Amino acid sequence: MHRHRGDTAISATPPRWLLAAGLLLVAIAPSASWAGDDTRITRRYYAISGQSRAELLASVRRNAPRAGSAYGIGFIDFDPRYTFTPHARGCRVGKATVGLRIVLRLPRWNGAKDAPRSVRRLAARFERAITAHEMQHVRIAKRHARRMARQIARLKPAENCWTLRQTAQTLIARHKKAHRASQAAFDRRTRKAIKRLL
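Residues numbered from 1 in each chain as written. Predicted model: local features only at pLDDT ≥ 70, side-chain atom pairs only at ≥ 80, totals over all residues. Heavy atoms only, no water.

Trainee: Can you walk me through the overall build of the chain in this structure?
Mentor: For the chain, the count of helices and strands is three helices and five strands. Reading the secondary structure of the chain in the N-to-C direction produces β-β-β-α-β-β-α-α. Relative to its 198 residues, the chain shows a buried fraction of 43%. The contacts of the chain with a sequence gap of at least 6 include a subset with a gap of at least 24, amounting to 79%. Accessible surface for the chain amounts to roughly 10,300 Å². Of this, 49% is attributable to carbon and sulfur atoms. (Helix = DSSP H or I, 4+ residues; strand = E, 2+ residues; numbered from the N terminus. Buried < 20%, exposed > 50% of the residue type's maximum accessible area, 1.4 Å probe, protein only. Contact = heavy atoms within 4.5 Å. Areas by Shrake-Rupley, 256 points an atom, 1.4 Å probe, with all protein chains shown as cover.)

In structure tokens, the structure reads:
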């Protein structure tokens, strides 16, 4: 099995939006098969606390990723795998799968039990919003991963497996760009809402 990896950092960041990714594009071969969802998500947390909105914001800036500039972040690793099988015309893709390995860094309330109710509410709303934002990044990645698997499986047979592998690598590189564009577009749409959270 041949493996191609690409790391993607997706952040919910007030001023700047950072990412980098992994994916692909296609051809045809109806007899090839593809497998779907192999996604592993690891959640890691940074503490938020405070007795006021200002203290809550200070804890975010102190503990959040990217030296406090990102409210949440996801590291997305695409893991396309495919096999080759003999074909009358040389070589074709036998089976294609695309796994996702994702690490999310999210806020979690760790404040005093006697913190004002308004601050605890604000923190809870902040946690929910950032988690929802990062999970949408995950959904975008899963959509691209499904596309990737289908399209690898449909690649036209080639004279030899080396040529087919080169074709797959080219398609994967093109899909990386498409995935980055999808994630960046989502961040542009949500930037103002994220900035208004605190």
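Trainee: Would you explain helix α3 (residues 161-195) in this entry?
Mentor: Helical geometry note: an α-helix holds 3.6 residues per turn, so side chains three or four residues apart project in the same direction. Over its 35 residues, α3 runs 49 Å from end to end, which matches the ideal 51 Å to within 8%, given 1.5 Å per residue. Taking the largest bend as the criterion, α3 deviates by roughly 45°, centred on R189. Listed as buried for α3 are L164, A168, L171, I172, H175, H179, Q183, F186, D187, T190 and I194. A side-chain oxygen of the first residue of α3 lies 3.2 Å from the backbone nitrogen of W162; this N-cap is N160. (Expected span 1.5 Å × (residues − 1). Bend = angle between axes of the 7 residues up to and from the residue. Polar contact = N/O pair within 3.5 Å; in protein donor to acceptor, adjacent residues only side chain to side chain.)

Trainee: Please explain the state of the cysteines as it appears in this structure.
Mentor: In protein structure, a disulfide is the covalent linkage between the sulfur atoms of two cysteines. For the structure shown, the criterion picks out one disulfide. Here C91 pairs with C161 through a disulfide, and the sulfurs are 2.0 Å apart. With the S-S dihedral at roughly 95°, the linkage between C91 and C161 falls on the right-handed side. You can see C91 sitting in strand β5 (residues 90-109) and its partner C161 sitting in helix α3, a full 70 residues away along the chain. Overall, C91 belongs to the buried group, its relative accessible area being 1%. Residue class for C161 comes out partly exposed when judged on its relative accessible area of 29%. (Disulfide = S-S within 2.5 Å.)

Trainee: Is there a simple way to explain the nonpolar core in this structure?
Mentor: Nonpolar side chains tend toward joint burial in soluble globular proteins. In this structure, V60, Y71, F78, V93, F126 and L198 are the most contacted members of the largest nonpolar core, which totals 39 residues. Of all the elements in the fold, those that place two or more residues in this core are β3 (33-48), α1 (53-63), β4 (72-87), β5, α2 (117-153) and α3. For this core, the element with the highest residue contribution is α2, accounting for 12 residues. (Core = buried A, V, L, I, M, F, W, Y, C linked by side-chain atoms within 4.5 Å.)

Trainee: I would appreciate a short explanation of the pattern of salt bridges in the present structure.
Mentor: A side chain of one charge can pair with a side chain of the opposite charge when the charged atoms of the two come close. Taken as a whole and judged by the stated rule, the model has two salt bridges. Among the salt bridges present, the one from D79 reaches R81, with a minimum N-O distance of 3.1 Å. (Salt bridge = Lys/Arg side-chain N within 4 Å of Asp/Glu carboxyl O.)

Trainee: Help me understand the side chain of H133, please; the structure alone is not making it clear to me.
Mentor: In this fold, H133 is placed in helix α2. Separated by 3.1 Å, the side chains of H133 and H137 make a polar contact.

Trainee: What is the right way to look at the pairing of β4 in this model?
Mentor: On a regular strand, one side chain projects to one face of the sheet and the next to the other, so that they alternate. Strand direction decides the pairing type here: β4 and β5, joined by 15 bridges, are antiparallel. Its bridge partner being in β5, F84 is matched across the sheet by V93. Between β4 and β5, which pair antiparallel and follow one another directly, the connecting turn spans two residues. (Pairing = 2+ DSSP bridges.)

Trainee: Before we go on, may I ask you to explain the packing of aromatic side chains in this structure?
Mentor: Pairs of aromatic rings are described using the distance from one ring centre to the other and the angle between the two planes. A complete count under the given rule lists two aromatic pairs for this structure. With a centroid separation of 5.2 Å and an interplanar angle of 75°, the aromatic rings of Y71 and F126 are classed as edge-to-face. Of the two residues, Y71 sits in the loop between α1 and β4 while F126 sits in helix α2, which places them 55 residues apart along the sequence. The residues Y71 and F126 share a single accessibility class, namely buried. (Phe/Tyr/Trp six-rings, centres within 6.5 Å; stacked < 30°, edge-to-face > 60°.)

Trainee: What exactly am I supposed to notice about the confidence of the model for the chain here?
Mentor: Low pLDDT means the predicted atomic positions in that stretch should not be read closely. Across the chain, pLDDT averages 83, with 81% of residues at or above 70. Averaged pLDDT values for the elements of the chain fall to 40 in strand β1 (residues 2-3) and rise to 97 in α1. Considering only residues more than four positions removed or in separate chains, one finds that residues 1-8, a stretch of pLDDT under 50, has 38 contacts. Low pLDDT (under 50) marks residues 13-36, which in the prediction has 98 contacts with non-local residues, meaning those over four places away or in another chain. (pLDDT = per-residue confidence, 0-100.)

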